[in-house]
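Coordinates in review
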Amino acid sequence: MGLKVAVIGAGTMGHALALVFALGGHEVRLTDSSMTVLDKAGGLMETALATLTMAGEAPREADAEWLHHAVTRLPVLAEAVEEADLIIEAIIEQPDAKRALFAEIDRLAPETSIIASNTSYLDPFPLIPVRRQSRALILHWYTPPYLVDLVDVVGGPECDPEVVAFCVQFCRDMGKRPVVMRKFVPGYIANRVQSAIALEVQKLLDEGVATASEIDTAIIEGIALRLPILGVLAKADFTGLAFTQTSLANRMYEPPPVRGRCDTVDALVAQGRTGVMAGAGFYDWPGETAEVLEARDRRLMALKRALRQIGTMAGEGREA
């Protein structure tokens with residue numbers, strides 16, 4: 001039996017999460033403080049759903065009309081969280097905004113509701129009212145969540161373990177791959193590794209070592225091919241841990257200092273080149289945003305299908 005799921009925030013992650021939960025058989029209510037964002041969410045969900053359906057990653061009957069009934073878009077928070085079993089917070093990464101939202105959820109939502117934050121870097125637990133802590137946790141997803149299966153699950157310091165277990169099974173039932181972390185660390189695992197890579201990439205850009213396309217080519221052709229099969233630690237086993245040990249002893253690499261900024265990024269943002277949604281970032285992205293996202297999704301689905309067939313070696317060896 002499906003849950004009543006309320007998704008708060010209809011932006012980049014929120015609308016995509018609403019689609020995930022709808023495809024998982026749940027009754028979804030999506031809300032946002034901006035009617036413009038809420039209106040746009042409908043078209044973005046329809047485009048993503050059409051791409052999934054065409055590729056056989058969603059049932060044929062899951063069309064625009066089905067989506068309209070599966071996801072109700074509501075401008076009023078109280079209506080969205082009414083009788084909600086699970087509430088997903090997916091708003092901006094600002095403590096004051098999240099604290100205010102959690103206070104409203106506390107006032108409006110049933111006491112039995114599970115409150116889950118999709119925050120990437122903020123610790124949400126100090127922002128959540130005390131009486132809600134036993135049913136508060138993090139469910140952190142990755143873009144686009146209807147294709148990327150990883151979900152970071154982190155129980156709050158006072159969260160009931162049964163709530164964590166319930167949410168893990170909730171994710172698994174939708175075909176996702178939840179990873180339960182023992183404690184909250186900003187960025188979790190995948191984003192922390194990405195942040196370390198990004199720090200080096202930003203240094204290379206600012207020092208003029210290579211262009212954006214050259215750096216991406218080096219990563220795609222030199223690193224990315226092996227990662228889906230071996231991960232990082234299984235790859236180290238194949239290289240040999242004695243080599244890893246020697247590299248560490250020789251201090252072959254020194255990470256860049258954390259500056260809190262990147263000159264190249266600052267220059268692009270100043271020009272209005274803020275990414276795909278703006279039509280340009282490091283690269284030019286001509287055409288409608290939905291078309292660009294659809295092109296990305298088609299490629300990700302093809303890769304995902306291939307990886308299902310190929311499999312991974314990271315889990316084949318017995319962990320030490």
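To keep things clear, this report deals only with the structure shown in the data block. (Residues numbered from 1 in each chain as written. Predicted model: local features only at pLDDT ≥ 70, side-chain atom pairs only at ≥ 80, totals over all residues. Heavy atoms only, no water.)

Concerning the environment of cysteine 167
Convention followed: Put simply, DSSP marks the helices as runs of H or I at least four residues long and the strands as runs of E at least two long, and each gets a number from the N terminus on. Each residue is assigned to one of three classes by its accessible area relative to the maximum for its type, calculated with a 1.4 Å probe on protein chains only: buried under 20%, partly exposed between the two thresholds, exposed over 50%. Whether two residues are in contact is decided by their heavy atoms: any pair within 4.5 Å suffices.
Considering the arrangement of structural elements, one finds cysteine 167 in helix H6 (residues 161-173). Here cysteine 167 falls in the buried class, since its relative accessible area comes to 1%. For the pair cysteine 167 and isoleucine 310, spaced 143 residues apart in sequence, the C-alpha separation works out to 29 Å. When near neighbours in sequence (up to four residues on either side) are disregarded, cysteine 167 contacts Ile114, Leu137 and Leu139.

With respect to the side chain of histidine 15
Tracing the backbone through its elements, the reader meets histidine 15 in helix H1 (residues 14-23). With near-sequence residues (within four places) excluded, histidine 15 lies in contact with Gly9, Ala10, Leu30, Ala41, Leu44 and Met45.

Here we look at the pattern of salt bridges
Convention followed: Here a salt bridge means any side-chain nitrogen of Lys or Arg lying within 4 Å of a carboxyl oxygen belonging to Asp or Glu.
Using the criterion set out here, one finds 20 salt bridges in the structure. One salt bridge connects arginine 259 with aspartate 263, and the closest N-O pair in it is separated by 3.3 Å. Residue class for arginine 259 comes out partly exposed when judged on its relative accessible area of 45%. Connected through shared salt-bridge partners, Asp206, Arg259, Arg261, Asp263 and Asp266 make up one network.

A few points about the pairing of strand S8 (residues 177-180)
Spelled out, the test is: We call two strands paired when DSSP finds no fewer than two bridges between them. Looking down the strands as they point away from the viewer, one classifies a crossover as right-handed if the path from the first strand across the helix to the second runs clockwise.
Summarising the sheet, strand S7 (residues 150-155) and S8 pair through four bridges and their orientation is parallel. Bridging across to S8, leucine 150 finds its partner in arginine 177. Handedness of the crossover joining S7 and S8 through H6 is recorded here as right-handed.

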